Amino acid sequence: MFSPAPTKLTAARTRESPPNYGGPSSPATPIYISRHSATPMPHRPATGTPAPWSSHLSTASRTPALKETEKTSGAAHTRPVFVCEFPQQVRNAEVEWLRTHGAGTTGISGGMDRATGLCWMLCGRQVFIWSYLSGNAPQRCIVLEMPKRICVPENDAINSKHGYKWTVAVIPWEKEMCRTDRTVKECSSAGILMCSQKSLAVIYWPDIFSEHNYSPIVGLPTDDHHKPDGIDVLVDDRITSSRKSGTPWVGSNSSSEFNVVNSMIASPISGSALYECIAIACRSNAELCHFECSVNGIKYHRVVQDFELKKGYIRSIIWRCPYVALKEGERDFFLLTDHEIQCWNVELRRGGAVSKTWTYDVLGTEGDTEIKKDLAGEKHVLLLDMQVEDSRKEIIVLVASFGKDRLSSSSYTEYSLLKLRDKSSGQKMRGDELASGNFLERKPPVRVIFPKSQVGEEDFLFSMHLRVGGKPAGSTMILSGDGTATVTHYCNEATSLYQFELPWDAGKVLDASIIPSVDGGEEGAWIVLTEKAGLWAIPEKAILLGGAEPPERSLSRKGTSNEGVAEEERQNLVVGGNFSLRRASTEAWISRDNGERAVLKGVGQRTAQDEEAESLIGHLFQNFLNSGKIEGAFENLHQAGAFERDGEMNVFTRASRAIVDTLAKHWTASRGANIAVMAAVSSQLLEKQHRHQQFLQFLAASKCHEELQMRQREALQSIMGHGEKLSAMIRLRELHNASAQARPQSRLESLNTDLQHSEMSGSLWDLVQIVGEKARRNNVMLMDREKAEVFYSRVSELEELFSCVNQHLTYVVGTELPLRLQIERLREISIACTSVVRTAIRYRDIQYSWYPSPEGLTPWYCQLTVRSGIWKLASLMLELKMEADVSEPSMKSVLVAQLEEVTDILLEAYAGAITAKVEREEEYRGLQAEYWSRRDNLLNVLYLHLKDVAEAAAQVSDISISSEEQRKKVLRSLSPSLIALARRHAGYQTLWDICADLNDIGCLRSLMHESMGLKEGRFSNFVFEQCYKKHQYAKLLRLGEEFQEELASFLQKHKDILWLHEIYLNQFTSASNTLHRLAFSQKDGLTSSGEDHAEIGGRQVNLLLDERRRLLNLAKIAVLAGDFP
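Remember, predicted model here, so these are calculated numbers, not experimental data. Throughout this document, residue positions are counted from 1 along each chain, in the order its sequence is written. Local features in this predicted model are restricted to residues of pLDDT 70 or higher, and side-chain atom pairs are both shown and tallied only at a pLDDT of 80 or more, whereas totals for entire chains, interfaces and linings draw on every residue. Think of the side-chain values as coming from all heavy atoms in the structure, minus any hydrogens and water.

## As for the overall build of the protein
Right, on to step 1. Only DSSP runs of H or I reaching four residues or more are called helices, and only runs of E reaching two or more are called strands; each is numbered from the N terminus. Scanning the protein for helices and strands turns up 38 helices and 30 strands.
Right, on to step 2. For the protein, the proportion of its 1125 residues judged to be buried stands at 52%.
Right, on to step 3. Of the roughly 51600 Å² of accessible surface on the protein, 51% is carried by carbon and sulfur atoms. Throughout, exposure labels follow a simple rule: accessible area from a 1.4 Å probe, protein chains only, divided by the maximum for the residue type, with under 20% read as buried, over 50% as exposed, and the rest as partly exposed. Only the protein chains shown count as covering a residue, and every accessible area follows the Shrake-Rupley method with a 1.4 Å probe.

## A look at helix 36 (residues 1068-1079)
Working note: α-helix, 3.6 residues per turn, so residues spaced by three or four point in the same direction.
Right, on to step 1. Across its 12 residues, helix 36 extends 16 Å between first and last C-alpha, which sits within 8% of the 16 Å expected from 1.5 Å per residue.
Right, on to step 2. Along helix 36, the positions that sit buried rather than exposed are Phe1068, Ala1071, Ser1072, Thr1074, Leu1075, Leu1078 and Ala1079. Down the axis of helix 36, the buried side of the element spans an arc of 165 degrees, and every buried residue falls inside it. Turned more than 90 degrees from where helix 36 packs its buried face, Thr1069 and Arg1077 sit exposed. For a helix, the expected span equals 1.5 Å multiplied by the residue count minus one. What the arc describes is the spread of directions from the helix axis to the C-beta atoms.

## Quick look at the sheet that holds strand 18 (residues 354-361)
Right, on to step 1. Strands pair, by our definition, only if DSSP identifies at least two bridges between them. Ordered by their spatial adjacency, four strands build an open sheet running 15-16-17-18, and the pairing between neighbours is antiparallel. If you trace the sheet from one side to the other, it starts and ends with strand 15 (314-319) and strand 18, each paired once. Recorded for the sheet is a direction-independent mean angle of 25 degrees between the axes of neighbouring strands.
Right, on to step 2. Two elements, strand 16 (residues 330-337) and strand 17 (residues 340-347), share seven bridges in a ladder whose sense is antiparallel. Where helices are involved, their axes are fitted lines through C-alpha atoms of the stretch in contact, as for all axes, and angles between N-to-C directions lie from 0 to 180°.

## Concerning the nonpolar core
Right, on to step 1. In this description, a nonpolar core means a group of buried Ala, Val, Leu, Ile, Met, Phe, Trp, Tyr and Cys residues linked to one another through side-chain atoms lying within 4.5 Å. Of all hydrophobic cores here, the largest spans 100 residues; its most connected members are Leu801, Phe802, Leu826, Phe1019 and Leu1036.
Right, on to step 2. Here, two residues are considered to be in contact whenever any of their heavy atoms come within 4.5 Å of each other. Excluding residues within four positions of it along the chain, Leu801 makes contact with Leu732, Leu767, Val771, Phe791 and Val836.
Right, on to step 3. Of all hydrophobic cores here, the second largest spans 27 residues; its members include Ile617, Ile630, Ala642 and Leu716.

## Details of the pattern of salt bridges
Right, on to step 1. Salt bridges are defined by distance alone: a side-chain nitrogen of Lys or Arg within 4 Å of a carboxyl oxygen of Asp or Glu. Going through the model one piece at a time under the given rule, you end up with 43 salt bridges.
Right, on to step 2. Residue Arg125 pairs with Glu145 through a salt bridge whose shortest N-O separation is 3.6 Å. Residue Arg125 is located in the loop between strand 3 (118-123) and strand 4 (126-131), and its partner Glu145 is located in strand 5 (residues 142-145); the two are separated by 20 residues in the primary sequence.
Right, on to step 3. Among the ionic contacts, a cluster of salt bridges with common partners joins Arg838, Glu901, Asp904, Glu908 and Arg984.

## Details of the sheet that holds strand 6 (residues 166-172)
Right, on to step 1. Spatial strand order, 6-7-8-9: four strands in an open sheet with antiparallel pairing. Every interior strand has two partners, whereas the edge strands, strand 6 and strand 9 (217-219), have only one. Each strand axis lies, on average, 15 degrees off the axis of its neighbour in the sheet, ignoring direction.
Right, on to step 2. Of the strand pairs in this sheet, strand 6 and strand 7 (residues 190-196) are connected by seven bridges, and their pairing is antiparallel. By the bridge assignment for strand 7, Ile171 is matched with Gly191.

## Re the side chain of Thr834
Right, on to step 1. Relative to the helices and strands, Thr834 resides in helix 24 (residues 819-846).
Right, on to step 2. A residue is classified by how much of its surface remains accessible, and Thr834, at 7% relative accessible area, is buried.
Right, on to step 3. Among residues more than four places away in sequence, those in contact with Thr834 are Gln898, Glu901, Val902 and Ile905.

## Structural notes on the environment of Arg1018
Right, on to step 1. Relative to the assigned elements, Arg1018 resides in the loop between helix 31 (1001-1009) and helix 32 (1019-1029).
Right, on to step 2. Taking the relative accessible area as the measure of exposure, Arg1018 reaches 22% and is therefore partly exposed.
Right, on to step 3. Considered as a pair, Arg1018 and Ala986 are 32 residues apart in the sequence and their alpha carbons are 8.6 Å apart.
Right, on to step 4. At 3.1 Å, the side chain of Arg1018 and the side chain of Glu1046 are in polar contact. What qualifies as a polar contact is a pair of N or O atoms within 3.5 Å, subject to a donor-acceptor requirement within protein and to the restriction that residues adjacent in sequence count only when both atoms come from side chains.

## Here we look at unusual backbone geometry
One can expect most non-glycine residues to show negative phi and most peptide bonds to be in trans.
Right, on to step 1. Residue Lys471 is joined to Pro472 through a cis peptide bond whose omega torsion reads 0 degrees.
Right, on to step 2. Here Pro472 shows up in the loop between strand 24 (465-470) and strand 25 (475-479).
Right, on to step 3. We note that Lys703 has phi near 65 degrees; this positive angle belongs to a residue other than glycine.
Right, on to step 4. Relative to the elements of secondary structure, Lys703 occurs in the loop between helix 16 (675-701) and helix 17 (704-711).
Right, on to step 5. Lys703 sits in the exposed class, given a relative accessible area of 57%.
Right, on to step 6. You will see that His1031, though not glycine, has its phi angle at about 60 degrees, which is positive.
Right, on to step 7. You can see His1031 is positioned in the loop between helix 32 and helix 33 (1033-1040).

## Some points on the side chain of His945
Right, on to step 1. Along the polypeptide, His945 turns up in helix 27 (residues 925-955).
Right, on to step 2. His945 sits in the buried class, given a relative accessible area of 8%.
Right, on to step 3. In this structure His945 touches Lys881, Lys892, Ser893 and Val896, once residues within four positions along its chain are discounted.

Quick look at the structure:
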């Protein structure tokens, strides 16, 4: 539809020698192609790329060569990115099919399922299914053979009655799995349902991943489905034994030329454990087919319709909430017809009813007049396809309207996107709401994506499909029957188009989906399944920079009458004028919020001056490495504007990040995680560390370090943070190696496995895989790299390790595993996280002189992302400890010891974050309250464990030593580390409890002398409060002898015991005055009398009078005592 017309192969172009992109292992295609060559692609251009089935297929060789003008205009950033090759089984089947049938046949088809991350390809009579999220060449591919009853016995090919066009639905059985786990875990249980678009034959594989190897269930259509309404027909011959031979096929009668199954949806039956599902298929002649599938057979129900059969009436069918887990025994689905949207309900049970709920007339007499006006309502309008954007509760409809140009009187087709808001958001509507008919709400404006296109045939229009959910937010993809794909993006009341282009020998685009975010977000980068070139992704940057305004003329593969105009329009669409491209990208950048800007911060905020300064830094740094000379570097960099930005946008920070995030070119040559790749990780990290240290020396020699240290502290902090992360990553890799070597293996395992198996197992490896997968999905440029390689290469993004711990720790630990194994896996993750932070702190202590002054700067390991991940570790440890108290007592000590390490790291991170906020004069009280709450909770758990250990030791003590003495002895020996931790973080309650249980006044007095905290929050004040609450007044005053200032301040707030302190100081007159004020006070300020009042209600007045009399008598005694010297 939107693809440029094929350009003619000129003689000059034929004479050019094609560049060799693939190196020795991927030779370029020869220029001359013999007419009698055995190649299955006779129309392949002379400048083509290596064959898609090349054993050493490189990413560069799959992309068309860039012209010099395209390189200078930044067209390299607008290219799609290679994601992964087909599995070898698919490639072999394609080669065999093309060899036996030749090019141009229709025996290859495919599709993608967004919910499960699976894609499928039908090649001949084989169905191949694999995950498109695995990256590189998928290691796991399911091969399904079409049943023999579908094929012709003579040549084992699919019977022409059924044809090679099939609609496929994937039924996920893991419906109970939470969404965040589903995004990081490949589908492991799913059924496949296939329906012939021609004959309505149905094939059902209950579980393609099951070890039981279920045989496919086949349902062959007969004329029985024309029986009266309400009669169910079993179409599987293993059940319907009364089927007559020779009954006509649905696809064989004369009226079936438009009886094509154009869409199908499927869903598991609620509460079923026998692989039962239902499916709804719609045919273009307005017929709805309802199937019930199980391991016992396939059951067919005819759905009654209230309209006449006609071609193209039903366009598509889709679930109302496509990606929502099943909670009730029913689901709604939308049906798009030629003029309206119908909402239907299906009961997810055996024999469940299918009924229409409501209808929204889009283009009919009762439709929205504004919609018809916007869609050139005076002419014919067709609704082509529909999708539901679940995150926004929106319905997006692809519309084609036909009009006539007033000047040239030529007809044209205008393609638009209509957005409607589902007002009920997928919830059940009340009776009055159904009666009002106000179900959907139009969201203006109607977005015209292609204003004037040539008028195509209806079959071509009906072959178009819509996909939604990709990035940039709100973008859509249109797939047409001729194998083209176009991304539309609407921003600032303007539409831009991005044409997905690959070499002509790549074949058609079969389907498109998105790469889901590991964080559970709805939107992701577009990924496209091609016919012969594997899977490709379209980066968000490519769409923003490579999008062009819609041309005014037709751009169809069918060609136009003017090849020159078509070529010019092709250049405008693919390359785009510099003016329009930059304007579109700038406007798109301005309209994005801060969260989305982080994705493209290197694109929208990078100016020509920044690029010049970065290039100059690289040149000067290389000269410094080669010759050691640095004359004039500071002045040149200052003139180039290298010191004008601070923080992450500083050019020195960018250069440092480029050093630590460098990808090794040779890693991907192995095409899979193996020992060579993982061994290269450690050496690559050491090389980066050496390079980064040289960069710091370059900054010092050029006097740039001094300038950064004084004026751009955030930038220098980020540069040093890269060094911290490098050291931490090296330490993490060492831990990974150590855990792999220490992991026990049996003799049989050691014979059948190698070191690779050890490294590629364990919770740390699983976490590395998740972090690497998240980076790959966020940046599709990395999709052809291994997950571990991406993780160990993206050093500057080490915080993502803690982010994934926060979001996916329960999945990594494995809540379904035995408790002992859970604790071991959690401990492995905990050791890794604490080692990362401690290594970063150690690097900071060693390289302290390189750092700027720390006032107001927050280290990366004190950020919210890191704190959240560490707290998630601590929380899960607390949960497992409670379980271990009952079922695994022997694992408690190991778990609590690691919990103490995690607590120390967490509290240090909180302290650093609060200190920075205080220095920046920002609000910190909320963070401080969170810090206090988590500190007291963790320290209390640690101390209770020490008490339990001491109690257990006292039970087995020697007779010569009392149990109490033994308990105190054990508690005293175990408490120093906890005391030190509580001292560093002002855990006063824990310190008080330890000293009280040990009855150690000396230790308590020593801790009070350290004067921890602010003046109003010192430990001495806390001790006074505890003594006061426990009515230990004598102990309070004795401890206060060494803290006169603190005691005086405390007693001013508690004057009911102030007179005792004044008498001790021989200040009898002051004591008498204090007692007089207390006696005549209107408040019940005395703790003892207040408690007596509470205990004895009726005698409160008498006690109060007695108490006042006692205070007055004490005041007289104090006066008398003052009269004596």
